[in-house]
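Listed below are the residues making up each chain.
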Amino acid sequence: LSAASVGDVILLSNGTYTGSGDSVLDVAKDVTIRARSVGGAVLDGEGLRRVVRVRSGTVVLEGLVLAGGYTSNGGGLYVVGGRVELTSCTVRDNRAANGGGVFVS
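Here the structure is a predicted model, which means the values were calculated and not measured.

Reading guide: rules and limits
- Residues numbered from 1 in each chain as written.
- Predicted model: local features only at pLDDT ≥ 70, side-chain atom pairs only at ≥ 80, totals over all residues.
- Heavy atoms only, no water.
- Helix = DSSP H or I, 4+ residues; strand = E, 2+ residues; numbered from the N terminus.
- Rg over C-alpha atoms; globule rule 2.2 N^0.38 Å.
- Buried < 20%, exposed > 50% of the residue type's maximum accessible area, 1.4 Å probe, protein only.
- Contact = heavy atoms within 4.5 Å.
- Areas by Shrake-Rupley, 256 points an atom, 1.4 Å probe, with all protein chains shown as cover.
- Lys, Arg positive; Asp, Glu negative; His and termini not counted.
- Charge placed at Lys NZ, Arg CZ, Asp CG, Glu CD.
- Pairing = 2+ DSSP bridges.
- Axes fitted to C-alpha atoms, helices over the stretch in contact; angles between N-to-C directions.
- Phe/Tyr/Trp six-rings, centres within 6.5 Å; stacked < 30°, edge-to-face > 60°.

A.B. asks: Help me understand the overall build of the protein chain, please; the structure alone is not making it clear to me.
C.D. replies: Tallying secondary structure elements over the protein chain gives zero helices and 14 strands in all. When the elements of the protein chain are put in sequence order from the N terminus, they spell out β-β-β-β-β-β-β-β-β-β-β-β-β-β. In summary, the protein chain has a C-alpha radius of gyration of 12 Å against a globular reference of 13 Å for 105 residues, a match within 12%. The burial tally for the protein chain puts 40% of its 105 residues in the buried class. Excluding contacts between residues fewer than 6 apart, the proportion of contacts in the protein chain whose partners are at least 24 apart in sequence is 72%. With an accessible surface of roughly 5,000 Å², the protein chain has 46% of that area assigned to carbon and sulfur atoms. The average position of the 10 basic charges and that of the 9 acidic charges among the side chains of the protein chain differ by 2 Å.

A.B. asks: Would you take a moment to explain the sheet that holds strand β10 (residues 77-79) for this structure?
C.D. replies: Strand pairs in the sheet, formed through backbone hydrogen bonds, run parallel or antiparallel to each other. Overall, parallel pairing links the four strands, which are arranged β3-β6-β10-β14 in an open sheet. Looking at the sheet topology across the chains shown, the edges are occupied by β3 (23-27) and β14 (102-104). Strand-to-strand twist across the sheet, computed as the mean angle between neighbouring axes with direction ignored, equals 10°. When β10 meets β14, the two strands line up parallel, connected through three bridges. Residue pairing for β14: Leu-77 is matched across the bridge by Val-102.

A.B. asks: Could you clarify how one ought to interpret the environment of Glu-46 in this entry?
C.D. replies: Relative to the helices and strands, Glu-46 is located in the loop between β5 (41-44) and β6 (50-54). Residue classification places Glu-46 among the partly exposed residues on the basis of a relative accessible area of 42%. With 27 residues separating them in the primary sequence, Glu-46 and Gly-19 have C-alpha atoms 8.7 Å apart. The residues touching Glu-46, leaving out its near neighbours within four places in the chain, are Thr-18, Gly-19 and Gly-68.

A.B. asks: Explain the packing of aromatic side chains here, please?
C.D. replies: What describes a pair of aromatic rings is the distance from one ring centre to the other and the angle between the planes of the rings. Following the criterion strictly, the structure yields one aromatic pair and no others. Note on Tyr-78 and Phe-103: the rings are 5.7 Å apart at their centroids and 45° apart in plane angle, and the pair reads as tilted. Of this pair, Tyr-78 sits in strand β10 while Phe-103 sits in strand β14, placing them 25 residues apart in sequence. For Phe-103, a relative accessible area of 24% translates into the label partly exposed.

Now the structure itself:
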């Protein structure tokens, strides 16, 4: 994600993707993140972290599963700024004090 340019499409192969920080993905630019097949790419917070945080830009998420997120705001998806479009995505099994699945501030 850090090497992506504004407007890029990032194609994720089928599999499970986890992270080591406080979010699996932290996005702050115009990008599309697309699963190779609908439901085939799982972004998993492992019950330890938020799945996706969007700070700015227009972010399109296509065919992804956002699961296993845990944090105070937006376990699955936390939109701090920018615009997010979800297409054929599943948001499941996320927990947070505010907006377990999705929280838009």
